[in-house]
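# Tertiary structure, described
Listed here are the chains, written in short residue letters.
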Amino acid sequence: MQPFKTCLRVVIVTLTIASSMTSVHAISDLPDAKSIPKPMLMLGLFCYSSLSTMKNPFEANPSALPWRASGSRQEAINSRMQKLDPTDAAYEKAIRDQAMTAEEAKFIKFSAIHESEQWLKNINISCATPNLAPNDYESCLKETNSEVYKCYRQIIDAIQPNGKSSAVK
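Computed from a prediction, not measured in an experiment: that's the story for all the values here.

## A word on the packing of aromatic side chains
Aromatic ring pairs are described here by two measures, namely the spacing of the ring centres and the angle between the planes. Throughout the structure, instances matching the rule amount to four aromatic pairs. Ring centres of Trp67 and Tyr152 lie 5.1 Å apart, and the angle between their planes is 55°; this geometry places the pair in the tilted category. Placement of the pair is Trp67 in the loop between α3 (38-60) and α4 (71-81) and Tyr152 in helix α8 (residues 146-159), with a sequence separation of 85 residues. Between Tyr149 and Tyr152, the aromatic rings sit 6.0 Å apart at their centres with planes inclined by 40°, giving tilted as the arrangement. Residue Tyr149 and its partner Tyr152 are located together in helix α8, separated by three residues, close to a single helical turn. Given a relative accessible area of 3%, Tyr149 falls into the buried group.

Structure below.
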């Protein structure tokens, strides 16, 4: 599982860098998207769209599920969320590099948005139990949609001190 997490982090960092660039020339200087294994590229793009979908609800109410953020935790999550680019630069690069088709990119983005919106609705029903123990809360988030949960954990793991994760493995 550790090689998967490492590869996923590399893909997400690459996509974050790619999408934070403002010029097409700077994006084209990044490595060819074909050099990223297609399943990892697809998961990275899925997570990027998933997190972008969660950005507005987080900004509207940081203390809501799943974030439950205030103070320094809210600031740290907000800092990570601000790095998300609302454009489709990463998708466009993947298509331009012929790492995927436009139809695949459209499907990944649609799926990520739909599943993330549904996950946010579902966790507010399933995981909103008061006094839920931290491990039970994490399990509930994960069981509701494990793919969206992996994307959510990318932000949470990035803000944990010393990179320690409290996630349920």
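## Quick notes on the state of the cysteines
Put plainly, a disulfide is one covalent bond tying together the sulfur atoms of two cysteines. All chains considered together, the criterion is met by two disulfides. Bridging Cys47 to Cys151, the disulfide has an S-S length of 2.2 Å. For the disulfide bridge between Cys47 and Cys151, the dihedral angle about the S-S bond is near -75°, and by the sign convention the bridge is left-handed. With a gap of 104 residues between them, Cys47 in helix α3 and Cys151 in helix α8 connect regions that are remote in the sequence.

## Structural notes on the environment of Tyr48
Tracing the backbone through its elements, the reader meets Tyr48 in helix α3. Judged by its relative accessible area of 6%, Tyr48 falls in the buried class. Separated by 61 residues in sequence, Tyr48 and Lys109 place their C-alpha atoms 8.8 Å apart. One polar contact links the side chain of Tyr48 to the main-chain carbonyl oxygen of Lys83, over a distance of 3.5 Å.

## What to know about the confidence of the model for the protein
The predicted coordinates ought not to be read in detail in places where the model reports low pLDDT. Residues of the protein with pLDDT of at least 70 account for 78%, and the chain-wide mean is 85. By mean pLDDT, helix α2 (residues 24-28) is the weakest element of the protein at 49, and helix α6 (residues 102-126) is the strongest at 97. For residues 16-25, every residue scores under 50 in pLDDT, and the model assigns this stretch 13 contacts once sequence neighbours within four places are set aside. Note on residues 165-169: pLDDT under 50 across the span, and 17 contacts to partners over four residues away in sequence or across chains.

## Notes on the packing of α3 against α8
Interaxial distance between α3 and α8 falls to 9 Å at its minimum, and their mutual angle equals 75°. By the angle between their directions, the pair α3 and α8 is classed as roughly perpendicular. Residues Leu43, Phe46, Cys47, Ser50, Leu51 and Met54 of α3 lie in contact with α8, whose contacting residues are Glu147, Val148, Cys151, Tyr152 and Ile155. Looking at the contact of α3 with α8 residue by residue, the class counts come to nine nonpolar, one polar and one charged.

## Observations regarding the packing of α3 against α6
In contact at an axis separation of 8 Å, α3 and α6 are set at 45° when each is read in the N-to-C sense. Compared by their axis directions, α3 and α6 come out oblique. As α3 packs across α6, the resulting crossing turns out to be right-handed. Residues Lys38, Met42, Leu45, Phe46, Ser49, Ser50, Thr53, Met54 and Pro57 of α3 lie in contact with α6, whose contacting residues are Glu104, Ile108, Lys109, Ser111, Ala112, Ile113, Glu115, Ser116, Glu117, Trp119 and Leu120. Looking at the contact of α3 with α6 residue by residue, the class counts come to ten nonpolar, five polar and five charged.

What counts and what doesn't
Think of each chain on its own: its residues are numbered from 1, step by step along the sequence as written. Two thresholds apply to this predicted model, a pLDDT of at least 70 for residue-level local features and 80 or more for giving and counting side-chain atom pairs, whereas whole-chain, interface and lining totals are computed over all residues. Side-chain calculation: all heavy atoms of the structure are included, whereas hydrogens and water are not. Aromatic pairing here means that ring centres of Phe, Tyr or Trp (its six-membered ring) are within 6.5 Å. Orientation follows from the plane angle: under 30 degrees is stacked, over 60 is edge-to-face, and everything else is tilted. Each helix corresponds to a stretch of at least 4 residues labelled H or I by DSSP, and each strand to a stretch of at least 2 residues labelled E; elements are numbered beginning at the N terminus. Throughout, exposure labels follow a simple rule: accessible area from a 1.4 Å probe, protein chains only, divided by the maximum for the residue type, with under 20% read as buried, over 50% as exposed, and the rest as partly exposed. The definition used for a disulfide is geometric: two cysteine sulfur atoms within 2.5 Å. For the purposes of these results, a polar contact is taken to be a pair of N or O atoms within 3.5 Å, where, inside protein, one atom must be able to donate a hydrogen and its partner to accept one; residues adjacent in sequence count only when each atom of the pair is a side-chain atom. The predictor reports its confidence for every residue as pLDDT, a score running from 0 up to 100. Two residues qualify as a contact provided that any one of their heavy atoms is within 4.5 Å of a heavy atom in the partner residue. Between N-to-C directions, angles cover 0 to 180 degrees, with each direction set by a line fitted to C-alpha atoms, over the stretch in contact for helices. Put simply, angles under 35 degrees are roughly parallel, angles over 145 are roughly antiparallel, angles from 65 to 115 are roughly perpendicular, and the rest are oblique. Each residue gets one of three labels, nonpolar for Ala, Val, Leu, Ile, Met, Phe, Trp, Tyr, Cys and Pro, charged for Asp, Glu, Lys and Arg, and polar for the others, Gly among them. Note on convention: near helix rotated counterclockwise from far helix by under a right angle means a left-handed crossing. Clockwise means right-handed.

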